[in-house]
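Structure at a glance
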Amino acid sequence: MIKAVIFDIDNTLIDFLEMKEKSLGPAVEAMISKGLDMSKEEALERIYKLYEKYGMEYKLIFQEFLKSVGQFNYRILTAGIIGYRSKREVKPYPHMVDILKSLKDSGLKLAIVSDAPNIKAWMRLSYMEIDDLFDVVVAFDDTKIAKPATLPFEKAVAELGVVRKEIFMIGDMPDKDVAGAKKMGFISCFARYGNPKIGKEESGADYEAEKPEDILKIIEKINS
Ligand SMILES: [Mg+2]
């Protein structure tokens, strides 16, 4: 019997990669309009390379990018930051809000365990107006250690007050979300819809959601 569901945020509740793409396009266009001498395609490619190196949450990405191509100046930098923020859109996957509400209505506790810094995790939940749906939110600053370490999950379990085998955990990263859930003795679910780059590799999870609606179906099946 599942009594609580733990969600990852990025690429599980929200299409993080699409959100990045929508923000980066206007950012690069703004930098080009202020003198960045490079095509949009090349700039985007270089920025994504830097994200791969420093992580998707890297704060100084435009500074690093402009310096790496020998074109740093504050006029271009600030135009880029403003362009990035102008098109910020934090949208949950289709049906996700209804799925969360119906889980909540059926009496399940809901939690977040995210590796995003607290301010970013909370901003995303608030943007989507789903922060009130979660009984527990554990983000990076709470334990200062990333998944699959057990500490963030242990904190969530303690706050949920639910035994481990009655917890269902869903996330898009096999090596973090699924591996962490399995170490904890949760029922694990891989969000296969989340990150196309992960492709068709084996997730090792107990269950797989091809689309967000599957989450509800899987949980209803287990609990029936
Ligand atoms: Mg994720």
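Everything numeric here is computed off the predicted structure, so don't read it as measured data. Numbers given for residues are sequential positions, taken from 1 along each chain in its written order. Given that this is a predicted model, residues contribute local features only at a pLDDT of at least 70 and side-chain atom pairs are listed and counted only at 80 or more, while totals for whole chains, interfaces and linings are drawn from all residues.

Okay, the domain arrangement of the chain next. By convention here, the domain bounds are inherited from an automatic or database domain assignment. Taken domain by domain, the chain comprises domain 1 (4-15 + 91-223) and domain 2 (17-86). The straight-line distance from the C-alpha centre of domain 1 to that of domain 2 is 30 Å. Residues are scored as being in contact if the C-beta atoms we place from backbone atoms lie within 7 Å. Each partner contributes residues to the interface: domain 1 has seven residues there, and domain 2 has four residues. Taken together, the residues of the side of domain 1 that touches domain 2 break down into three nonpolar, two polar and two charged. Classification convention: Asp, Glu, Lys, Arg as charged; Ala, Val, Leu, Ile, Met, Phe, Trp, Tyr, Cys, Pro as nonpolar; all other residues, Gly among them, as polar.

A separate point is the packing of helix 1 (residues 16-33) against helix 4 (residues 74-86). Helices that pack against each other are described as a pair by the angle of their axes relative to one another and the distance between those axes. Comment: axis = line fitted to C-alpha atoms, over the contacting stretch for helices; angle = value between 0 and 180 degrees taken between N-to-C directions. Put simply, DSSP H or I for four residues or longer makes a helix, DSSP E for two residues or longer makes a strand, and each gets a number counted from the N terminus. Following both chains from N to C, one finds helix 1 and helix 4 inclined at 150°, their axes separated by 7 Å at the closest point. The pairing of helix 1 with helix 4 is recorded here as roughly antiparallel in orientation. Regarding helix 1 and helix 4, the two cross each other, and that crossing is right-handed. Of the residues in helix 4, those touching helix 1 at Ser-23, Leu-24, Pro-26, Ala-27, Glu-29, Ala-30, Met-31 and Ser-33 are Ile-76, Ala-79, Gly-80, Ile-82, Gly-83, Tyr-84 and Ser-86. For the contact of helix 1 with helix 4, the per-class residue count stands at nine nonpolar, five polar and one charged. Orientation categories follow fixed angle ranges, with anything under 35 degrees roughly parallel, anything over 145 roughly antiparallel, 65 to 115 roughly perpendicular, and all other angles oblique. A crossing counts as left-handed when the near helix is turned anticlockwise from the far one by less than a right angle, and as right-handed when that turn is clockwise.

What follows deals with the sheet that holds strand 3 (residues 136-138). What makes two strands pair is DSSP finding at least two bridges between them. The strand order 3-2-1-4-5-6 describes an open sheet built from six strands, whose pairing is parallel. Either end of the sheet is taken by a strand with one partner, and the two such strands are strand 3 and strand 6 (207-209). Sheet twist, expressed as the average angle between the axes of neighbouring strands with direction ignored, equals 20°. Here strand 1 (residues 4-7) runs beside strand 2 (residues 109-113); their pairing, made up of four bridges, is parallel. By the bridge assignment, Phe-7 is partnered in strand 2 with Ile-112. Strands in contact with helix 10 (residues 212-223) are strand 1, strand 4 (167-171), strand 5 (187-191) and strand 6; relative to strand 6, the strand with the most contacts, it is inclined by about 145°.

By the secondary structure assignment, Tyr-84 is in helix 4. Residue class for Tyr-84 comes out buried when judged on the 21 C-beta atoms lying within 10 Å of it. Ignoring sequence-local partners within four residues, the contact set of Tyr-84 consists of Ser-23, Leu-24, Pro-26 and Ala-27. Three classes are used. A residue is buried when 20 or more other C-beta atoms lie within 10 Å of its own, exposed when 12 or fewer do, and partly exposed in between, with C-beta atoms placed from the backbone.

Looking now at unusual backbone geometry. Of the consecutive residues Lys-147 and Pro-148, the connecting peptide bond is found in the cis state with omega at 10°. Among the secondary structure elements, Pro-148 is positioned in the loop between helix 7 (140-143) and helix 8 (150-160). A positive phi angle is found at Glu-129, which is not glycine, with a value near 60°. When you line up the elements, Glu-129 lands in the loop between helix 6 (118-127) and strand 3. Taking the C-beta count within 10 Å as the criterion, Glu-129 has 10 such neighbours and is therefore assigned exposed.

This part is about the packing of helix 3 (residues 61-68) against helix 4. For the pair helix 3 and helix 4, the least separation of the axes is 10 Å and the interaxial angle reads 140°. The orientation of helix 3 relative to helix 4 falls into the category oblique. In the packing of helix 3 onto helix 4, the handedness of the crossing is right-handed. Judged by residue contacts, Phe-62, Gln-63 and Leu-66 of helix 3 engage Ile-76, Leu-77, Gly-80 and Ile-81 from helix 4. Across the contact of helix 3 with helix 4, the residue classes break down as five nonpolar, two polar and no charged.

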